[in-house]
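A look at the structure
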Amino acid sequence: MILSYKFPRSQIRRLLLALVLPATIFGSVAFPSQVQTVTAQTSTGNRPLTIRSDVQEYDAKSQVVTARGNVQMLYPSRQIQATAAQAQYFSKERRIDFSGNVYILQQGGNSIRAEKVTYLIDEGRFVALPQSSRQVESIYMVQDGETGGQSARPAPKTPPLKGSN
């Protein structure tokens, strides 16, 4: 004689949820299905500026693109790459506002880390702001004028600090 046990519907639902939910979450993290991309053409020479993110909105009246979630920007003509939590491209003002763990890298190794960065396209200028009680970090690659493996001019000596008594 074979004994059979019938699961109540609530237990079946819990079991299915316990099996399906982790697979769904893993799939959405490992294989994001809807990464949005926008490519803007800058007015001078129509050079592309590409922004990828999880979600994007475009306001036709103000001509502002808002990108949220895993934002990646690529601007090859200016040799700039950037990542942030959010970015807004203001096409009329020709500026990009990045916010949330911003990292900007220029070819040659120069970089900026900050909480908020504004990039003024026409001026080629960055304005960076830190989180409260933190600092902005910038790394600039400085080339030494080298001749024959040695610096052309030795660095000046730094005077010792004077104590305040």
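Just so you know, these numbers come straight off a predicted model, no measurement behind them.

Examining the overall build of the protein
Looking only at helices and strands, one finds one helix and 11 strands in the protein. When the helices and strands of the protein are listed from N to C terminus, the series reads α-β-β-β-β-β-β-β-β-β-β-β. The 165 residues of the protein split such that 21% are buried.

What to know about the environment of Ala84
With respect to the secondary-structure elements, Ala84 resides in strand β5 (residues 80–90). Given the relative accessible area of 10%, Ala84 is considered buried. Counting along the chain gives 14 residues from Ala84 to Phe98, while the straight-line C-alpha distance between them is 6.2 Å. Those residues within four positions of Ala84 in sequence are excluded, and the remaining contacts are Asn70, Val71, Phe98, Ser99, Gly100, Asn101 and Val102.

Some thoughts on the packing of aromatic side chains
In total, this model carries one aromatic pair according to the counting rule given. Of note, Arg95 hangs over the ring of Phe90, and the distance from its end group to the ring centre comes to 3.9 Å.

A look at unusual backbone geometry
The residue Arg94 is not glycine, and still its phi comes out positive at about 55 degrees. Relative to the helices and strands, Arg94 is located in the loop between β5 and β6 (95–106). Given a relative accessible area of 12%, Arg94 falls into the buried group. Positioned with a positive phi, Asn101 is a non-glycine residue whose angle comes to about 50 degrees. Position of Asn101 relative to the elements: it lies in strand β6. Owing to a relative accessible area of 59%, Asn101 belongs among the exposed residues under this scheme.

Considering the pairing of β6
By the bridge criterion, nine bridges tie β5 to β6 in an arrangement that is antiparallel. Bridging from a neighbouring strand, Ala87 pairs with Phe98 of β6. Between β5 and β6, which pair antiparallel and follow one another directly, the connecting turn spans four residues, one of which, Arg94, has a positive phi of 55 degrees. Here nine bridges tie β6 to strand β7 (residues 111–120), and the two strands are oriented antiparallel to one another. Opposite Ile96, over in β7, you have Tyr119 as the bridge partner. Counting the residues that bridge the hairpin from β6 to β7 gives four residues, and of these Gly108 lies at a positive phi of roughly 105 degrees.

So, the nonpolar core
Within the largest apolar cluster, 21 residues are counted, with the highest numbers of intra-cluster contacts made by Met73, Ile96 and Phe98. Secondary structure elements with two or more residues in this core: β2 (48–53), β4 (64–75), β5, β6 and β7. When sequence neighbours within four positions are dropped, the list of residues in contact with Met73 reads Leu49, Thr50, Ile51, Ile80, Gln81, Ala82, Ile96 and Phe98.

As for the side chain of Asp97
Along the chain, Asp97 falls in strand β6. Among the polar contacts made by the side chain of Asp97, one reaches the side chain of Thr118 at a distance of 3.0 Å. With residues near it in sequence (within four places) discarded, Asp97 still touches Gln86, Ala87, Gln88, Phe90, Val117 and Thr118.

Regarding the environment of Met141
Mapping Met141 onto the fold places it in the loop between β9 (137–139) and β10 (146–147). Residue class for Met141 comes out exposed when judged on its relative accessible area of 52%. As a C-alpha pair, Met141 and Asn110 span 31 residues in sequence and 5.8 Å in three-dimensional space. Excluding anything up to four places from it in sequence, Met141 contacts Gly108, Gly109 and Asn110.

What counts and how
Residues numbered from 1 in each chain as written. Predicted model: local features only at pLDDT ≥ 70, side-chain atom pairs only at ≥ 80, totals over all residues. Heavy atoms only, no water. Helix = DSSP H or I, 4+ residues; strand = E, 2+ residues; numbered from the N terminus. Buried < 20%, exposed > 50% of the residue type's maximum accessible area, 1.4 Å probe, protein only. Contact = heavy atoms within 4.5 Å. Phe/Tyr/Trp six-rings, centres within 6.5 Å; stacked < 30°, edge-to-face > 60°. Lys NZ or Arg CZ within 6 Å of the ring centre and 35° of its normal. Pairing = 2+ DSSP bridges. Core = buried A, V, L, I, M, F, W, Y, C linked by side-chain atoms within 4.5 Å. Polar contact = N/O pair within 3.5 Å; in protein donor to acceptor, adjacent residues only side chain to side chain.

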